[in-house]
Structures are given as structure tokens and as C-alpha cells.
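Observations on the three-dimensional arrangement
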Amino acid sequence: MRSPLLNKLSTIFGPRPPLNWILLCLVCVFLLIALFGSPSSTAFDAVTSSAKPDIYTSYRKLKEQARNDYLELKSISLGANRINDVGLCGKERENYVPCYNISANLLAGLKDGEEFDRHCELPQEHQYCLVRPPKEYKIPLTWPAGRDVIWSGNVKLTKDQFLSSGSMTKRLMLLEENQIAFHSEDGMIVDGVKDYSHLIAKMIGLGSDTEFHQAGVRTVLDIGCGFGSFGAHLLSLKLMALCLAAYEPSGSQVQLALERGLPAVIGNFISKQLPFPSLSYDMVHCAQCGIIWDSKDGLFLIEIDRLLKPGGYFVLTSPTTQQQDSTTSAKKGSTSSPLEEFTKKLCWSLLAQQEETFIWQKTADSQCYTSRQGEIPVCKGNDMQMYYQPLARCISGTTSHRWVPINSKYDPLNSTELEFHGLQPDDFFEDSDFWKLALRNYWSLLSPLIFSDHPKRPGDDDPLPPYNMVRNVMDMNAHYGGLSAALMEASKAVWVMNVVPVGARNTLPLIHDRGFAGVLHNWCEPFPTYPRTYDLLHANGLLSHIASQKCSMFELLLEMDRILRPEGWIILSDTLGPIEKARTLVAQIRWEARVIDLQNGSDQRLLVCQKPFLRK
């Protein structure tokens, strides 16, 4: 028999209360709890007393919190119509990199090496799931310890591959059953990386490799970087060395380099140009990288010429080249090889040769190319927006305002160079000041959150915040590279992959001229990297940009989850609409998230998230 209270409620609401009344009651209960306090707190609540009050003081406004929780309650109330949490992918996708499917490429008729290249334009298998870590996966050690010791279960390399690696850049040792240790730069280096770097410096006329920067060498593209020993040494010399290596289904140079906290990206130029603008690098290095440089009528060397800045260096170390030169010289009775003959057509000069190492220097005289009639033609038109375009049989960059010899570059950029990039100096410095302030607030926001969850890793010394979890950073919509510059000026022990979205203003030449790492990328497609390779993802305005490009926000968030390490962080900055939409979606991929209201009178919001460690 029904109670009198239930009879009265039935009279007011009917036999089945409307869903809106139930939601209203639930929200009212939450408001009462929020107003009168609750003993529970989360990691995000812990930041209120420690974060600086510059722009985040009102981020826990009750109105904002009530709105978010109302959306969550509404989602719960949908019952059967509610979208379930995204499940975990199978074991076969633990190291999955989209757009690299050799069997599908062969079926599509791709050949001559193109089947090993990146092909996002082909139909892809869309499986909405979270790429899970291997069973033996462990959180990487803190920097700089993580540079020299990694967990073997975190990378897809077998012990046989470790033990069989005998080249200069791959030599390492196994310390324990589950660890791989590389030779520290602070101790004895038996693989000769320091001696090799010093040799290169001597061959280009320097007294020591510590003088690279004085000679104009700040950025190095290391093709086929092995296990990253050479790149790690260059980073210790304050150079930006980016590892570039082809996708490898089993055993990856790029995956291992990123696991060590070294800049790296998947890429090759079998048929397409790399996603860098012309005149990007001061030095391109190849040590036994497996490329036959004079094949395809020198197309690969023409691409290197496109990437090199005027006066830049191409360093090639290969016993194959030495054997080829000896054979050619013996047959023809000359000292010129096909490779050397082609470099002359590129207006390169052979600076030095010592045993297996050759160093060429690109000319600083743009007229050299036009004066050689009948040789390689000069490209016509604007070659600035290059995103996986076919390899071109022409010389790029000769008419660019950025044609400035590396030994006469100014650091930082002067007002004239900024104007070449279409920037007014006042606007540029205002942007720099903005990112300095933003970085201070990001750091004050993240530091207590990191330490509230991870006060100390087992076996670690007490780390300085927030070095214990953040090393590899990606700025997914880098603009002028302001965040990267702010991190460098603040002496943070991180490096930044600056990504300029296709369809946005192409600021990548400016980013490279500032000495930073960066690529063009279409965020409607997956990023060319292995899973679990970044500690922090930052994106300012990217959600609005992909909406204008008619891309899926949900697919973008799944891709971010794939490339983010467990316990990694995400900072999304955008207007209220896209942030609210993203907030409802990240719950499905199990991120812990909180919306932060910037106290600046705008509808700009931050969505700060952390990816959990989903153990099996």
C-alpha cells in the first residue's frame, strides 16, 4: 500500500516523474553539497591553494561547475542512448601507427618503395578504441636519467636486436633483465660519439664541436639516427637535433629516440617531400642510414638541397660510399664518383673527406644555380606550403627572403627578418610576452597536480618540479613558436615539437628560423609517431580550427590519447563552445578533466586533462 507522501507526489508529478524534474533535483542536491563543503577532493582541487592567481583565480566558479555536472548528469540520464566509454584495442595495436599499411598499399598498386611510405589518403580502418600499453610497460624514468636508461618493455625491440647492434650510433649494453642502458655523456663513451662529433667539427674548419653554434649550426636533421647517441650528444651542445627515420613495424629508431626524450619523427622521402619548408636546417647528417643517395637521378640529394640553408652542411658517413668511390676511381682513373659529380651540379663543394666520412657544403650564392644552364632547373612559383608533395626535380628557395647564409644569421631574429615573415616587431614581442605569462601559469597549475599523484618514483632522487613527468612536449597549433621560446627562456628541461596545422597560416619557416623543431601536419589525419611518445600536449585554438576544416573532434582526441604517455597531460585552450564539447567527449576516453575559466572577460577557457594509466 502506498504512503500518503507518495500519493501527494503522484498527484503533483503524475505516476512517472518527468526526467527534467529528476535532473533538477539532482543538480539542487549537488549545489547544496558544493555550498556546504565536502571532505573529498581531487588532484585538480589541490591546485587552488598553490596555483598563482594571475588568471586562474575564478576557475572553480560554482556556475561553471554546475554547468559541467549538469551535462554529465544529462549524459547519465540518457540510459540506453548514452555513448559508452571507448574500449581498449587488442594487443596487435600496442605499437600501432596509422597510415602505414604495407599490404593495403600493395593492393592499391603502390610499388618501388612507395608501399613503405605514409599513405593517409587511402581508406583506413576506423576502429574507435584506446591503444593500450604493453603488459610490461612502465612510466619512463625522470630526465636526464631517462635519456640513458629506459625500460625494455616500453619499446618494440628484441634482445637480439640490442645485442646485434654494433654500429657507432647503436652500441649499447643491457644492465638488467628489464632495462637498457646507454653510455652516459658524463662518463666514458666507448662508442666514440664525442670523437666523431669532434671529427666533423675539425673537417668543417672548427677547433671543437663546441664551436658549432658559432659557425651558424643550430639545427641538425639526423636521418636514420640509430639509437640516438649522436643526437643526444648534439643536444648536450645546445643544438636542436631532430631524428628522422622510416616507419619500422618491428624495432624502431624513432620510438626508441622518443622514449629517451630525444626529438624524433617518422618520415622518409621515397616519393614525397618531407613536411618541412625550404631552407630549414643548418646541417643534414646521415651515418649508415641505408639511403642510396645518387639513385633516382639524384632526387634524394635535391631534397636535401631544398632542406639545407645557404652555407649548410651535408655530412655522410658510409663505408658503401667509400667502396663506391674507390671502385669508380679505379675504373675511370679519376677521383670523382657519380655522387660527387652530382653534388657539383647542386653547387655543393666537398669540404673534406676522412676515411668513411664526407662533408659537403651548400653554396651561399643563389646565382650559382641560374648560371649553370642545362643542369638542374630552378623551381618556379611559391614552394612555401609543402605537405607531402611529390619530390621535385628543381632547386628551391633561391628567390626567398630567407636565403641568408648560416654564418651570418642573427640570433634572435631582427626586425627585418620578422617583416620578411609578415610580422610587425611589436606584435611578435607582444606574443612572446603572452606566452611567458601563460607558461608561468601552466607550470604553477601542473606542478602540484603532478606531485599530488607522484611525490617520488621508486629509486629516484627528489626531482625538481615538474621535470619528473614532462620531457617530450607537442604544441599542436604552434603559431609563432611562442610556447617553445618561453620554455627555452625559462630553462625548462623539455623539447617541443611545434606543429603548424595545414590550412592555418604557415608560420613553420619562422619556427625553423628561430631554431626550433617543427612540421606541417593535417590534424584530420594521424600524426606520424608511435604510441605513448609525448608527455604533454598543448593546443591553442586547435579545436576551432579542426571544426572549420570539417574534421572530427572525437577522432582528434583519440589520436591525442594514442600518442600521449600514460599519466601524461593535455592543455586545450579555446572558446567556451568547443571546450564544452571536448569536455563531454574526453569522459568517454576516461581522461580526468577540469574546465578552467580565465579571468580576462572573454569566453576563452582551458580544458586541463590527464590520461590515466589503464593497466590490464
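The shown structure was predicted, so the numbers you read here are calculated from the model rather than taken from an experiment.

Taken as a whole and assessed by the stated rule, the structure comprises 16 aromatic pairs. Ring centres of Tyr137 and Phe613 lie 5.9 Å apart, and the angle between their planes is 75°; on these two criteria the pair is classed as edge-to-face. Of this pair, Tyr137 sits in the loop between helix H4 (102-107) and helix H5 (145-148) while Phe613 sits in the segment after strand S17 (604-610), and the two are 476 residues apart along the sequence. Per residue, the accessibility class of Tyr137 equals that of Phe613, and both read buried. Measuring from ring centre to ring centre gives 5.4 Å for Phe276 and Tyr281, while their planes differ by 85°; the resulting arrangement is edge-to-face. The exposure class assigned to Phe276 is buried, which follows from its relative accessible area of 0%. You can call Tyr281 buried: its relative accessible area is 2%. In textbook terms, an aromatic cluster arises when at least three aromatic residues are bridged by ring pairs, as seen for Trp293, Phe314, Trp348, Phe358 and Trp360. The residue whose ring lies beneath Arg147 is Trp143, and the NZ or CZ to ring-centre distance is 5.7 Å.

A complete count under the given rule lists 15 salt bridges for this structure. Glu259 is the partner of Arg565 in a salt bridge, and the nearest nitrogen-oxygen pair spans 3.8 Å. Taken together, the residues Arg565 in strand S15 (residues 564-575) and Glu259 in helix H9 (residues 253-259) connect sequence positions 306 residues apart. Between Glu341 and Lys344 there is a salt bridge whose closest N-O contact spans 3.9 Å. With Glu341 and Lys344 both in helix H12 (residues 338-345) and three residues apart, this pair spans about one turn of that helix. It is possible to trace a salt-bridge network through shared partners that takes in Glu259, Asp535 and Arg565.

Moving on, we get to the side chain of Asn472. Looking at where Asn472 falls in the secondary structure, it is placed in strand S11 (residues 472-475). Asn472 sits in the buried class, given a relative accessible area of 0%. Polar side-chain contacts of Asn472 include one of 2.9 Å to the backbone oxygen of Thr533.

A few words on the sheet that holds S11. Hydrogen bonds between backbone groups are what pair the strands of a sheet, and the pairing can be parallel or antiparallel. Taken in spatial order, the seven strands line up as S13-S12-S11-S14-S15-S17-S16 in an open sheet, and their pairing is mixed. The sheet is open, and its two edges are formed by strand S13 (517-521) and strand S16 (592-597), each paired on a single side. Neighbour-to-neighbour, the strand axes of the sheet open up by a mean angle of 15°, direction not taken into account. By the bridge criterion, three bridges tie S11 to strand S14 (residues 534-540) in an arrangement that is parallel. Bridging across to S14, Val473 finds its partner in Leu536. Here helix H20 (residues 576-586) sits on the sheet in contact with S15, S16 and S17, set at roughly 155° to S15.

Conventions we followed
- Residues numbered from 1 in each chain as written.
- Predicted model: local features only at pLDDT ≥ 70, side-chain atom pairs only at ≥ 80, totals over all residues.
- Heavy atoms only, no water.
- Phe/Tyr/Trp six-rings, centres within 6.5 Å; stacked < 30°, edge-to-face > 60°.
- Helix = DSSP H or I, 4+ residues; strand = E, 2+ residues; numbered from the N terminus.
- Buried < 20%, exposed > 50% of the residue type's maximum accessible area, 1.4 Å probe, protein only.
- Lys NZ or Arg CZ within 6 Å of the ring centre and 35° of its normal.
- Salt bridge = Lys/Arg side-chain N within 4 Å of Asp/Glu carboxyl O.
- Polar contact = N/O pair within 3.5 Å; in protein donor to acceptor, adjacent residues only side chain to side chain.
- Pairing = 2+ DSSP bridges.
- Axes fitted to C-alpha atoms, helices over the stretch in contact; angles between N-to-C directions.
- Contact = heavy atoms within 4.5 Å.

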